[in-house]
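Summary of the model geometry
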Amino acid sequence: MEGLAGVVAGSSAICSVGTGAGLLYRGYPIEELARRAEFEEVAHLLLVGHLPTEHELKDFKQTLQEHRELPLVVKEVLQALPISTHPMDVMKAGVVALGCARPEALDFANQEGCALQILGALPAMLIYWHHYHKHGKQIPLSSKQSMAHYLLERLREEEPLEVEVKAMDAMLTLYAEHEFNASTYANRITASTLSDLYSCVSTGIGTLKGRLHGGANELAIAFILRFDSVSQALQEVDALFAKKEKIMGFGHRIYKHADPRSAVGFELAKQLKHLGDPKLFEIALAIRDKVKQEKGLPDNIDFFGGLIYHYMRLERLYYTPFFVMSRAVGWMAHVFEQRAHNRIIRPTSTYTGAPKRPFLPLQDRS
Ligand code: COA
């Protein structure tokens with residue numbers, strides 16, 4: 001089965017996708033979580049297993065905030081990376097360095113602590129690297145704000161609007177978990193060998209980097225930005241259809257009619273459009289409708305997702321690292337689940353190579 005399409009590769013109690021009940025995180029609909037909960041509540045739900053009480057949330061947030069202070073070795077590694085480094089490689093290097101500084105115990109006794117360490121440190125890694133390389137300064141990392149607020153405020157060095165914090169919060173929630181997608185499955189494979197949590201997460205970052213997975217939102221907004229008018233955009237869509245080329249931000253392995261996250265993304269982009277050029281929203285809408293009408297392909301979360309970040313004036317190459325900061329929660333919840341019922345993941349393949357043959361000595365080969 002190419003691409004393992006339609007293959008049930010295991011069971012999970014974390015998230016349900018494509019069962020007909022919508023996208024649920026531990027039973028809660030994604031739309032409600034994105035509109036009504038803070039990302040940290042969702043992270044607690046996914047990692048710990050239930051929505052936190054007020055007291056639990058306070059402790060959880062405080063621990064994440066404490067982990068924004070990066071160990072010296074992580075800062076040194078981030079400083080040493082060239083300015084040309086892809087921000088996804090920055091995240092990967094940061095996680096690997098963090099794993100060297102604060103390793104996980106061989107018996108995984110500190111796995112929850114390591115998970116909070118990683119989750120708290122991920123935004124700080126990007127913020128630190130960004131300011132060190134782009135502005136030549138070591139920015140203070142401590143803060144008592146939510147993750148959404150912290151990211152916006154510290155990257156842009158200005159107080160974000162409430163509507164922006166809410167949108168960032170919702171985006172972190174929408175991207176937090178999605179069952180056996182490629183990067184989560186990669187995490188589970190690494191976990192199944194009984195490797196450590198930092199190795200699992202860095203495996204996930206490498207898998208998410210590809211443009212068929214996490215990299216799609218930055219390409220989707222790059223596509224939208226190419227056009228000055230709706231008619232120009234629609235002409236280009238026709239040209240791509242004719243060349244049988246893919247349009248980033250459309251299609252999905254599971255969602256053949258609609259991605260439940262897209263409706264929330266659409267609303268957020270609409271709310272934010274007055275912060276930038278509202279024409280881009282109109283162009284996006286026209287592209288969405290044409291692709292749906294003519295190819296039957298629904299937009300996925302990455303289509304309006306890219307536009308949302310663009311309206312918040314965030315650097316395009318940081319969109320996938322934001323995805324990491326959010327999906328790391330899902331990854332780590334899956335690692336814990338895999339560890340709880342582990343058997344090494346090792347499928348088999350159908351052999352299509354040469355039949356058995358005798359070895360050919362070097363001098364006899366032409
Ligand atoms: N633009 C145009 N056509 C697309 C398309 C897109 N974004 N996505 C799928 N199709 C077409 C394929 O060309 C294929 O057509 P064919 O049957 O005539 O060959 C058909 O739809 C099935 O697509 P396929 O790539 O086989 O689906 P998949 O389940 O293997 O892949 C994705 C799913 C997400 C990888 C794929 O839709 C894609 O590449 N999308 C663009 C990248 C993207 O937005 N990724 C983010 C996902 S959240």
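Rules used in this analysis
- Residues numbered from 1 in each chain as written.
- Predicted model: local features only at pLDDT ≥ 70, side-chain atom pairs only at ≥ 80, totals over all residues.
- Heavy atoms only, no water.
- UniProt positions renumbered as here; feature names shortened; annotations may be inferred.
- Phe/Tyr/Trp six-rings, centres within 6.5 Å; stacked < 30°, edge-to-face > 60°.
- Helix = DSSP H or I, 4+ residues; strand = E, 2+ residues; numbered from the N terminus.
- Lys NZ or Arg CZ within 6 Å of the ring centre and 35° of its normal.
- Near = heavy atom within 4 Å.
- Polar contact = N/O pair within 3.5 Å; in protein donor to acceptor, adjacent residues only side chain to side chain.
- Areas by Shrake-Rupley, 256 points an atom, 1.4 Å probe, with all protein chains shown as cover.
- Nonpolar A, V, L, I, M, F, W, Y, C, P; charged D, E, K, R; others polar.

Taking an unreviewed UniProt entry as the reference, the protein chain is identified by name as Citrate synthase belonging to Helicobacter baculiformis. The UniProt entry for the protein chain carries this comment under Sequence similarities (unreviewed entry): "Belongs to the citrate synthase family." According to the UniProt record, the Pathway (unreviewed entry) comment for the protein chain reads "Carbohydrate metabolism; tricarboxylic acid cycle; isocitrate from oxaloacetate: step 1/2."

This part is about the packing of aromatic side chains. Given two aromatic rings, one states the distance between the centres and the angle between the planes to describe the pair. Following the criterion strictly, the structure yields eleven aromatic pairs and no others. Ring centres 5.6 Å apart and planes at 35 degrees place the aromatic pair Phe266 and Phe281 in the tilted group. Remark: Phe281 occurs in helix H14 (residues 278-295) and Phe266 occurs in helix H13 (residues 260-272); sequence separation between them is 15 residues. A connected cluster of aromatic rings, assembled from ring pairs, spans Phe250, Phe266, Phe281, Phe303 and Phe304. Cation over ring: Arg68 sits above Tyr150, and NZ or CZ is 4.0 Å from the ring centre. When the ring centre of Phe108 is taken as origin, the NZ or CZ atom of Arg339, which lies over that ring, is 3.5 Å away.

It is worth spelling out the site of the ligand at this point. The ligand sits among 16 residues. The nearest are Lys246, Ile247, Gly249, Phe250 and Arg253. A distance of 2.7 Å is found between an oxygen atom of the ligand and a side-chain nitrogen or oxygen belonging to Lys246. Between the ligand and Asn300 there is a distance of 3.0 Å, counted from an oxygen atom to a side-chain nitrogen or oxygen. Compared with its free state, where it exposes 860 Å², the ligand has 62% of that area covered by protein. Split into classes, the residues belonging to the shell around the ligand amount to six nonpolar, five polar and five charged.

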